[in-house]
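# Architecture and fold: a report
Spelled out from the first residue to the last, the chains are:
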Amino acid sequence: MDEKFIKQISLFAENKPGRLANIASSFKEASVNIRAFTIAEAGDFGIIRMVVDKPEKAHRVLHDAGFTVSETDVLGIQMEDVPGQLATIAEVLGKKGANIDYAYAFVTKTEKAFLIIRVNDLKTAVETLYEEGIPLLDMSDVQSI
Amino acid sequence: MTKWLLCDNMIEYWNPQIERMPLDELEQIQEERLRHLVDYVYTHSPFYKKRFDEAGVKPEDIKTLEDLQKLPFTYKQDLRDNYPKGMFCVPDTQLVRYHVSSGTTGKPTVVGYTKSDIHEWAKSLGRALTSIGVGRGDVLQVSYGYGLFTGGLGLHYGAEEVGSTVLPISVGNTDKQLELMQDLGTTTLACTPSYFLYMAEEAKDKGIDFQKDTGLKTGIFGAEPWTEEMRKRMEDATGIKAYDVFGTSELSGPLFTECTCQDGIHIWGDQFIVEIIDPETGDTLPEGERGELVITTLTKEALPLIRYRIGDYTILNKQPCECGRTHPRIMRVTGRVDDMLIIRGINVFPGQVESVLMKMPEVGEHFMIHVDRINEMDTMKIQIEMNDEAFSDKVNDIISLEKKVASALKSVLNLSVGVELVEQGTIPRSIGKSKKVIDNRKL
Ligand SMILES: [Zn+2]
């Protein structure tokens, strides 16, 4: 089952200029590529979440650069119509008691749309989405996007 | 001097006759020495003669320990005003050493020592080191500054007095500290608690495990205030026993430590008299009440101090200690009279903030208090470093952690404070005294 989990890298960042450039240059040096990226802002701080092709390496590089960083299992879904499908997914998961903590979408160079969701119950979510015929991405898909 | 091993309870004493002496006998010694002291300072120091005369008190008025309260206080400012040697009671030819502490305000203070003063100092620490099980066969790494500061040389002489091997490395150069600690088998480390925390962080980064890779078992931490929670954190993280050390340069330097009971610091009664007073009124407070520490030196020759206002807040405990020592104890110092912040009329000590944060494993030990005045209103904001293990990537988790810390602080301080979690490594680390407060109020 956990081959369907995607390792997301999250980091705690104060809203200070230069932090993003810092991350970008750390990744460039380590040849880590960002596939999806979002910032959740809240007043004085923000949480940067991203899906990368080499999560272990990215984690190490950021930790060594002094960031507070964690790894979270999330799910990735390829979509045709993002707003519509997000509502459907939230509904089917909600019925089984799996709630979405947050979601963010991104579009690849090949103009395919993907959705990343974090849920409170991964196992139920994976089973439910499988039953509904909604295919999930895995890490090898992320690497080849 | 020999070291005694009492077989009944296997507790070692440096000088069991003195250390276990019944309190009333000890107080008799104090009384005799006090009578001698007031005579001595009155006849040897124009400063004290003038002070006593102004207060209308003569040496012959001081007969009992209670009469001590008739004597005027001595302040740090007196040492500054009489810079450099106006309060000394001996001619320069009797002096064997100077220590000088740089004041952040005004003139520095100079302390002179006779040969006997140096020996009394070493004796005091010798008893203290024995009381935490440090003696012959121990390697004591002295990571306090050497030189004009009393920390390094103080511990150095105390350790030699009990026959320990001293590694006089002084402060800084953490790589070397960790290397020699391993190569020379350091068993005991003396430094500031903030430097030890820094050292522990560096060791962790280098993959050095204090328990497996070093022989370190005892830490002697002082020169800046620290808390019970910090002790637990340091002991849990490194497997050592952490002891508080106390003293100030005006009294000689570091003089006393806790004993293995870790329940207060024994102040050797044959050398010093302790009082706790109300800092506002100057009245002596009953045993057990928190107030300002005042110390009278009984055996110092060059610079004896009468009722010296130390400026630390603490509690006096005269109950016999489980270690068998009868000498009075002072409880952990909770703050400095001059560190106290007054925020919207409420007294706040940085130590209180620290002790709240130490009880919360979700946050790191590094914090900074920012005080400001916005629209005529005092505000207090505390920045705390985010802890790696506690980091959740959900915004609400972080906001609720900030709220949790704020409400824990409010319940202790009776004051609403802002809490802001910040990135690791952004609060400045200091090797000497940690500066925990930035006060931006323009008064
Ligand atoms: Zn004791």
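Residues numbered from 1 in each chain as written. Chains lettered and ligands numbered in written order. Predicted model: local features only at pLDDT ≥ 70, side-chain atom pairs only at ≥ 80, totals over all residues. Heavy atoms only, no water.

Residues and elements named next belong to chain B. Most of strand E13 (residues 291–297) is tucked away: seven of the seven residues are buried. Across six bridges, the pairing between strand E12 (residues 272–277) and E13 is antiparallel. Paired with Ile273 across the bridge in E13 is Thr296. Where E13 lies against strand E14 (residues 308–314), four bridges are found, and the strand directions are antiparallel. When the sheet's bridge partners are listed, Gly291 is paired in E14 with Thr314. (Buried < 20%, exposed > 50% of the residue type's maximum accessible area, 1.4 Å probe, protein only. Helix = DSSP H or I, 4+ residues; strand = E, 2+ residues; numbered from the N terminus. Pairing = 2+ DSSP bridges.)

This part takes up the confidence of the model for chain B. Low-pLDDT portions of the prediction should not be read for the details of their coordinates. Residue and element names in this part refer to chain B. Across chain B, the average pLDDT comes to 91, with 95% of residues at or above 70. Low pLDDT (under 50) marks residues 1–9, which in the prediction has 21 contacts with non-local residues, meaning those over four places away or in another chain. The ipTM assigned to the predicted complex is 0.80, against a pTM of 0.67. (pLDDT = per-residue confidence, 0-100. Contact = heavy atoms within 4.5 Å.)

Once that is clear, we can look at the sheet that holds strand E16 (residues 329–330) of chain B. With antiparallel pairing, the three strands of this open sheet are ordered in space as E11-E16-E15 (chain B). Each of the sheet's edge strands pairs with one partner strand only, and the pair in question is strand E11 (265–266) and strand E15 (316–317) of chain B.

Residues and elements named next belong to chain B. Counting buried residues in strand E9 (residues 241–248) gives six out of eight residues, a clear majority hidden from the surface. Pairing geometry for strand E8 (residues 218–221) and E9, over four bridges, is parallel. Note that in E9 the partner of Ile220 across the bridge is Tyr243. With helix H10 (residues 228–238) bridging E8 and the parallel E9, this β-α-β connection has right-handed handedness. Note: E9 against strand E10 (residues 253–257), four bridges, orientation antiparallel. Among the inter-strand pairings, Gly247 is bridged to a residue of E10, identified as Pro254. (Right-handed = clockwise from strand over helix to strand, strands pointing away.)

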